[in-house]
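Structure at a glance
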Amino acid sequence: MPQTLTGWILITAILLSGMGAGSTAAGLLDHALSAGPIARRDVVNCLMLLALMVAAALLLWLVEGR
């Protein structure tokens with residue numbers, strides 16, 4: 001468990017970006033299965049949220065990794 005305010009902020013960023021990436025990925029999968037067009041905006045959004053999640057996880061490991 002995080003011991004500092006920075007750690008709590010980073011764990012919140014990890015959780016929220018994970019939920020956003022999962023929601024976007026579900027939308028992409030729904031479009032792919034219905035043979036509809038996949039918007040480039042949705043792909044970029046999913047990749048951006050995944051990158052945010054990884055960056056926040058690495059920062060959390062750096063800050064709270066004692």
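Here the structure is shown first, and the text comes after it.
The structure contained in this document is the topic of the report that follows. (Residues numbered from 1 in each chain as written. Predicted model: local features only at pLDDT ≥ 70, side-chain atom pairs only at ≥ 80, totals over all residues. Heavy atoms only, no water.)

**Description of the overall build of the protein**
Along the protein, the regular secondary structure elements total two helices and zero strands. A compact globule built from 66 residues should have a C-alpha radius of gyration of about 11 Å, whereas the protein, at 15 Å, is more than 25% larger. Across the 66 residues in the protein, those meeting the buried criterion constitute 23%. The long-range share in the protein, meaning contacts at least 24 apart out of those at least 6 apart in sequence, stands at 65%. On the protein, roughly 4800 Å² of surface is accessible, and the fraction owed to carbon and sulfur atoms is 73%. (Helix = DSSP H or I, 4+ residues; strand = E, 2+ residues; numbered from the N terminus. Rg over C-alpha atoms; globule rule 2.2 N^0.38 Å. Buried < 20%, exposed > 50% of the residue type's maximum accessible area, 1.4 Å probe, protein only. Contact = heavy atoms within 4.5 Å. Areas by Shrake-Rupley, 256 points an atom, 1.4 Å probe, with all protein chains shown as cover.)

**Description of helix 2 (residues 40–64)**
Helix length check: helix 2, at 25 residues, gives a terminal C-alpha distance of 36 Å against a target of 36 Å (1.5 Å per residue), a fit within 8%. Every buried residue of helix 2 is accounted for by Asp 42, Cys 46, Leu 49, Ala 56, Leu 60 and Glu 64. On its buried face, helix 2 is in contact with helix 1 (5–33). (Expected span 1.5 Å × (residues − 1).)

**Some details on the side chain of Ser 17**
Counting through the fold element by element, Ser 17 comes out in helix 1. Among the polar contacts made by the side chain of Ser 17, one reaches the main-chain carbonyl oxygen of Ala 13 at a distance of 2.8 Å. Once residues lying within four places of it in the same chain are set aside, the contact partners of Ser 17 are Leu 49, Leu 52 and Met 53. (Polar contact = N/O pair within 3.5 Å; in protein donor to acceptor, adjacent residues only side chain to side chain.)

**What to know about the packing of helix 1 against helix 2**
Packing of helix 1 against helix 2 leaves a shortest axis separation of 8 Å and a crossing angle of 155°. Considering the angle they form, helix 1 stands roughly antiparallel to helix 2. In the crossing of helix 1 with helix 2, the sense of the turn from one axis to the other is left-handed. Within the contact of helix 1 with helix 2, the residues separate by chemical class into 18 nonpolar, seven polar and two charged. (Axes fitted to C-alpha atoms, helices over the stretch in contact; angles between N-to-C directions. Parallel < 35°, antiparallel > 145°, perpendicular 65-115°, else oblique. Left-handed = near helix turned anticlockwise from the far one by under 90°. Nonpolar A, V, L, I, M, F, W, Y, C, P; charged D, E, K, R; others polar.)

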